[in-house]
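Secondary and tertiary structure notes
Okay, here's what each chain looks like letter by letter:
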Amino acid sequence: MVGLGGSRGGARRIGAVVGALALVALGAACGGVERAHPLPAELVDRAEIPGIPDARVWADDPPQRYAEFLDRDAAEVQARFPATFGQAHTYLSVSGGGADGAFGAGLLCGWTEAGTRPRFTIVSGVSTGALIAPFAFLGPEYDDRLREIYTSYSTEDLARKRPLWRMLTSDGALDTTPLAEKIRQYYDQEVLDAIAAETRRGRALLIGTTNLDAQRPVIWNVGRIAQSDAPDRLRVFQDVILASASIPGAFPPVYFEVEADGARYDEMHVDGGATSQLFLYPIGMDWERFLELMRVPSRPQLYVVRNSKLSTRYAPARPRALVIAGLTISSLMRTSGYGDMYRTYLAAVRDGLDYHLASIPDEFAVEPQEAFDGEYMQQLFAYARGLAVEGFPWRSAPPGVDVVDDGAP
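Anyway, here's the lowdown on the structure attached to this text. (Residues numbered from 1 in each chain as written. Predicted model: local features only at pLDDT ≥ 70, side-chain atom pairs only at ≥ 80, totals over all residues. Heavy atoms only, no water.)

Right, let's talk about unusual backbone geometry for a bit. Of note, aspartate 261 is a non-glycine position whose phi angle comes to about 55°, a positive value. Of note, aspartate 261 is situated in the loop between strand S8 (254-260) and strand S9 (263-271). A positive phi angle, close to 55°, is found at arginine 295, a residue other than glycine. Along the chain, the position of arginine 295 falls in the loop between helix H13 (287-293) and strand S10 (301-306). Residue arginine 295 is classed as partly exposed on the basis of its relative accessible area, which comes to 44%. (Helix = DSSP H or I, 4+ residues; strand = E, 2+ residues; numbered from the N terminus. Buried < 20%, exposed > 50% of the residue type's maximum accessible area, 1.4 Å probe, protein only.)

Here is the structure:
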């Protein structure tokens, strides 16, 4: 549906919108949205979601409570992770990709039909991957929702254009009220309760956003949100998904109320792909020690779904400011996603995980006619589903990386 780093045609159109806004912002001297209570810099590491103190962590800094967890004994760990302690682990990481999320959705549904889809121990998602991740986490019984989301809608169903004067004075060029309504429709209390139940069994669902005030990636532990007693936990869950899919500049950011030193403030969050289009766990975590503590008997399997093609398409650029700005932003999105893909691979090798990568094959030649082209998404969904039913040809490493028999690069 939405997110950074989408299909080539869609990414160019989104990049053009954001590029235009950037140029307007440089030249315009007009008022805009004012924030009443932004979080002060000195409180940034003490801010918490009211009623859910452990809802999120910085993705670029292992949390202190993780270090404390590694000091626990086996009995404590087994009690905390009853269904995953002493069991084989399988992880899934779903990238951003805009309308190309139809690829990941189709792959999962076809994987179900093939009868080989595992029950994932950990699922993480960013941007369009944040829309896929909850249903990938909950399992095949939610495939119908996944299919409907990626085959039933187009651009006009997700966002409305704002008048030019509103673009210049607001925090987003488009009105995403339709997208927010659909998130409330599909990611409801039933889904949140099911996530809470699976979290109690020891599984984890993680979603990435970007804290734009701090310009840092954030990992939200959706299971912790689901298990909390906070009366607004459903709204927080839905806002996390919306924030992860909110393209900066094009879509309005999502503001989270936070508490620090007894006072209430707000944080501004946007698309997780602005800082990381792919992740599994915070950088620097001693995952080898975690696996030892969890008594995992075999090498964990990591499946990475990159919702885009790995190749590029050559097309001479028109010498126009908005075109250049849009293509530059699209290029930044793409190269950032490549970097995340290789970083995740290197982390998997370091931590003893078997790596499996899926991306849109070059043979899929359909091009979208708009940012979220409904017909394009239907065809991509069907294409990915067909490949998965036949047995998807997962890569054991990203392009350009040689793999030897023992799995090391």
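Having seen the model, we can carry on.
Turning our attention to the nonpolar core. Leu92, Phe103, Tyr150, Tyr187, Ile195, Trp220 and Phe237 are the most contacted members of the largest nonpolar core, which totals 84 residues. By residue number, the principal contributor to this core is helix H5 (residues 128-138), which donates 8 residues. Excluding anything up to four places from it in sequence, phenylalanine 237 contacts Tyr187, Val191, Leu192, Ile195, Val222 and Ile225. Ranked by size, the runner-up nonpolar core spans 36 residues in total, among them Tyr91, Tyr281, Trp287 and Leu302. (Core = buried A, V, L, I, M, F, W, Y, C linked by side-chain atoms within 4.5 Å. Contact = heavy atoms within 4.5 Å.)

What follows concerns the pairing of strand S2 (residues 90-94). In terms of burial, S2 is largely enclosed, as 5 of its 5 residues are buried. Neither face of S2 is exposed, since Thr90, Leu92 and Val94 on one face and Tyr91 and Ser93 on the opposite face are all buried. Judged from the 4 bridges that link them, S2 and strand S3 (residues 122-126) form a sheet pairing that is parallel. Note on S3: the bridge partner recorded for serine 93 is serine 124. Once the chain exits S2 it traverses helix H4 (residues 101-114) before rejoining the sheet at S3, and the crossover so formed is right-handed. (Pairing = 2+ DSSP bridges. Right-handed = clockwise from strand over helix to strand, strands pointing away.)

The end-to-end C-alpha distance of helix H15 (residues 374-390), which contains 17 residues, comes to 25 Å, matching closely the 24 Å that a straight helix rising 1.5 Å per residue would cover. Residues of H15 that are buried include every one of Gly374, Tyr376, Met377, Leu380, Phe381, Ala384, Leu387 and Ala388, and no others. In an axial view of H15, the angular spread of the buried residues amounts to 155°, which keeps them on one side of the axis. Residues Glu375 and Glu390 are exposed on H15 and point more than 90 degrees away from its buried face. (Expected span 1.5 Å × (residues − 1). Arc of directions from axis to C-beta.)

Glancing now at the packing of aromatic side chains. Scanning the model with the defined rule gives 20 aromatic pairs in all. Here tryptophan 111 and tyrosine 303 contribute two aromatic rings whose centre-to-centre distance is 5.1 Å and whose plane-to-plane angle is 65°, an arrangement assigned as edge-to-face. Placement of tryptophan 111 in helix H4 and of tyrosine 303 in strand S10 is noted, with a sequence separation of 192 residues between them. In this structure, tryptophan 111 and tyrosine 303 share a single accessibility class: buried. One aromatic cluster in this structure is built from Phe69, Phe81, Tyr91, Tyr281, Trp287 and Phe290. Across the ring face of tryptophan 58, the terminal group of arginine 216 is positioned such that the distance to the ring centre comes to 4.0 Å. (Phe/Tyr/Trp six-rings, centres within 6.5 Å; stacked < 30°, edge-to-face > 60°. Lys NZ or Arg CZ within 6 Å of the ring centre and 35° of its normal.)

On to the packing of helix H10 (residues 189-200) against helix H12 (residues 233-244), then. Relative to each other, H10 and H12 sit at 95°, their axes nearing to 10 Å. One finds that H10 runs roughly perpendicular with respect to H12. On H12, the residues touching Gln189, Val191, Leu192 and Ile195 of H10 are Arg233, Leu234 and Phe237. Looking at the contact of H10 with H12, its residues break down into 5 nonpolar, 1 polar and 1 charged. (Axes fitted to C-alpha atoms, helices over the stretch in contact; angles between N-to-C directions. Parallel < 35°, antiparallel > 145°, perpendicular 65-115°, else oblique. Nonpolar A, V, L, I, M, F, W, Y, C, P; charged D, E, K, R; others polar.)

Turning our eyes to something else, we now look at H10. For H10, with 12 residues, the first-to-last C-alpha span of 17 Å sits near the 16 Å given by 1.5 Å per residue. What H10 keeps buried is the set Val191, Leu192, Ala194, Ile195, Ala196, Glu198 and Thr199. Looking at the buried residues of H10, the elements they touch are H5, helix H6 (143-151), helix H9 (177-186), strand S6 (204-211), helix H11 (222-227) and H12. Positioned one or two residues after H10, glycine 202 has a phi angle of 110°, which is positive.

What follows is about the side chain of asparagine 307. Among the secondary structure elements, asparagine 307 is positioned in the loop between S10 and helix H14 (321-351). A residue is classified by how much of its surface remains accessible, and asparagine 307, at 0% relative accessible area, is buried. Of the polar contacts made by the side chain of asparagine 307, one reaches the backbone nitrogen of glycine 104; its length is 3.0 Å. (Polar contact = N/O pair within 3.5 Å; in protein donor to acceptor, adjacent residues only side chain to side chain.)

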